[in-house]
Amino acid sequence: MERMQDFFSKYHQLSASAKTYIKEHGKLHFYKKGSYYKIAGIPMSTWCFIIDGVVAKEVLEADTFIRIERINGKNEYFTGSNHPYSDRATSVAIKFLQPTILYEISNSHFKHALKQYPELSTIFHILKQHRVNRLQDIVHILKLPPLHRVHELSIKMPHIMPLLTIKERRSFLNISCDRDYYKSLRYHLGKS
């Protein structure tokens, strides 16, 4: 909990009452690598802040192939529903790619905290902007030819790349085969 509060304090100091609220209404949980937080189609009305670890949102395509749609790492957040103001299920599964420590709070308690504590609302807006920036990076990477994607991933997400297996990188970067992945890796190594 201290690590999360330390990270938040980079953007805005939390009042004592805000700190008490997040301690009383949220919990820290540890998840093993390879375990699932949620299965596609099942709603989980939670807001989660990643204190340490890596989480992937997976989509089942053509009932045979699992594609990593999004990756979140340390000091990022995700929800078990569409967003904190929704209880609707999403069509993604959420899997832990590394041992992960999460701070979890129900969407209802989270929404109350945003209304009650302006500093938490400010921090949430900053985190949302970071998320938008990350999504823009992902779109940019995926628009590139496959040859350039590993290199661009290492530039845009240097903290994530070393934590992924080759299979996870291929899935996330939408690179169809090992041969194309290694071409892209050689291109990256030549540019480094």
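To be clear, the structure that these remarks concern was listed above.
Residues numbered from 1 in each chain as written. Predicted model: local features only at pLDDT ≥ 70, side-chain atom pairs only at ≥ 80, totals over all residues. Heavy atoms only, no water.

Quick notes on the overall build of the chain
Short version of the rule: Secondary structure elements are defined from DSSP: runs of H or I of at least 4 residues count as helices, runs of E of at least 2 residues count as strands, and each element is numbered from the N terminus. With C-alpha atoms as the basis for the radius of gyration, the globule rule is written as 2.2 Å multiplied by the number of residues raised to the power 0.38. When a residue's accessible area, from a 1.4 Å probe over protein chains only, is under 20% of the maximum for its type it is buried; when over 50% it is exposed; and in between it is partly exposed. The protein chains shown are the only cover counted for residues, whose accessible areas, like all others here, come from Shrake-Rupley with a 1.4 Å probe. When charges are counted, Lys and Arg contribute as positive and Asp and Glu as negative, whereas His and the chain ends are disregarded. In this description, the location of a charge corresponds to atom NZ of lysine, CZ of arginine, CG of aspartate or CD of glutamate.
Secondary structure assignment for the chain yields seven helices and eight strands. By the compact-globule yardstick of 16 Å for 192 residues, the chain fits well, its C-alpha radius of gyration being 18 Å. Along the first, second and third principal axes, the C-alpha atoms of the chain reach 55 × 35 × 25 Å. By the burial criterion, 47% of the 192 residues in the chain qualify as buried. Of the roughly 10,000 Å² of accessible surface on the chain, 55% is carried by carbon and sulfur atoms. Within the chain, the 17 negative side-chain charges are centred at a point lying 3 Å from the centre of the 29 positive side-chain charges.

A closer look at the sheet that holds strand β5 (residues 65-72)
Heads up, the rule is: The rule for pairing is simple: two strands pair if DSSP sees at least two bridges between them. For helices, the axis comes from a line fit to the C-alpha atoms of the stretch in contact; other axes are also lines fit to C-alpha atoms, and the angle between any two N-to-C directions lies between 0 and 180 degrees.
The antiparallel open sheet is built from four strands, whose spatial order is β2-β7-β4-β5. At either margin of the open sheet sits one strand with a lone partner, and together these are β2 (36-38) and β5. Across the sheet, the axes of successive neighbouring strands diverge by a mean angle of 35°, strand direction being ignored. The pairing of strand β4 (residues 55-61) with β5 spans seven bridges and is antiparallel. Among the inter-strand pairings, Glu61 is bridged to a residue of β5, identified as Phe65.

Here's the deal with helix α4 (residues 118-143)
Stated precisely, the cut-off is as follows: Every helix has an expected span of 1.5 Å times one less than the residues it contains.
Between the first and last C-alpha of α4 there are 38 Å, a value that for 26 residues agrees with the 38 Å anticipated at 1.5 Å per step. Turning to α4, its buried residues are Glu119, Leu120, Ser121, Ile123, Phe124, Leu127, Arg131, Arg134, Ile138 and Ile141.

Digging into the side chain of Glu152
Basically, it comes down to this: Whenever a carboxyl oxygen of Asp or Glu lies within 4 Å of a side-chain nitrogen of Lys or Arg, that contact is scored as a salt bridge. Contact criterion: two residues are considered in contact whenever any of their non-hydrogen atoms come within 4.5 Å of each other.
Counting through the fold element by element, Glu152 comes out in helix α5 (residues 146-156). One buried charge, Glu152, has no salt-bridge partner; the nearest side chain with opposite charge is Lys156, at 4.1 Å. For Glu152, the contacting residues outside a window of four places in its chain are His140, Ile141 and Leu144.

Focus on the sheet that holds strand β8 (residues 100-106)
The strand order across the open sheet built from four strands is β1-β8-β3-β6, with neighbouring strands paired in antiparallel fashion. Each edge of the open sheet is held by one strand with a lone partner, namely β1 (26-31) and β6 (77-79). Neighbour to neighbour, the strand axes of the sheet diverge by 30° on average, direction disregarded. Two strands pair when backbone bridges link them, and strand β3 (residues 46-52) and β6 are joined in this way by three bridges, in the antiparallel orientation. Of the residues in β6, the one forming a bridge with Phe49 is Tyr77. On top of the sheet, helix α2 (residues 16-25) reaches β1 and β8; it is set at about 100° to β8, its chief contact. Relative to the sheet, α4 contacts β3 and β6, its axis offset from that of β6 by approximately 90°.

Side note on the pattern of salt bridges
This structure, assessed with the given rule, holds four salt bridges. A salt bridge links Glu76 to Arg134; the shortest N-O distance between them is 2.9 Å. Of the two residues, Glu76 is situated in the loop between β5 and β6 and Arg134 in helix α4; the sequence distance between them amounts to 58 residues. Across this residue pair, the class does not change: Glu76 and Arg134 are buried.

Some words on the nonpolar core
Test applied: Definition of nonpolar core: a set of buried residues of the types Ala, Val, Leu, Ile, Met, Phe, Trp, Tyr and Cys, connected through side-chain atoms within 4.5 Å.
Met4, Phe8, Trp47, Phe49, Tyr103, Leu120 and Leu127 are the most contacted members of the largest nonpolar core, which totals 22 residues. Of all the elements in the fold, those that place two or more residues in this core are α1 (2-9), α2, β3, β8, α3 (107-116) and α4. Considering every element that reaches this core, the biggest residue donor is α4, with four residues. The residues contacting Tyr103, other than those within four sequence positions of it, are Met1, Met4, Ile22, His25, Gly26, Lys27, Leu28, Trp47, Cys48, Phe49 and Ile51.

Focus on the packing of α4 against α5
Rule in force here: An angle below 35 degrees is read as roughly parallel, one above 145 as roughly antiparallel, one from 65 to 115 as roughly perpendicular, and any other as oblique. Definitions for this section: a left-handed crossing has its near helix turned counterclockwise from the far helix by less than a right angle. A right-handed crossing has that turn clockwise. Basically, the charged four are Asp, Glu, Lys and Arg, the nonpolar ten are Ala, Val, Leu, Ile, Met, Phe, Trp, Tyr, Cys and Pro, and anything else, Gly included, counts as polar.
Packing of α4 against α5 leaves a shortest axis separation of 9 Å and a crossing angle of 160°. With respect to each other, α4 and α5 are oriented roughly antiparallel. Note that α4 runs across α5; the crossing there is right-handed. For the pair α4 and α5, the contacting residues are Asp137, His140, Ile141 and Leu142 in the first and Arg149, Glu152, Leu153 and Lys156 in the second. For the contact of α4 with α5, the residue count by class is three nonpolar, one polar and four charged.

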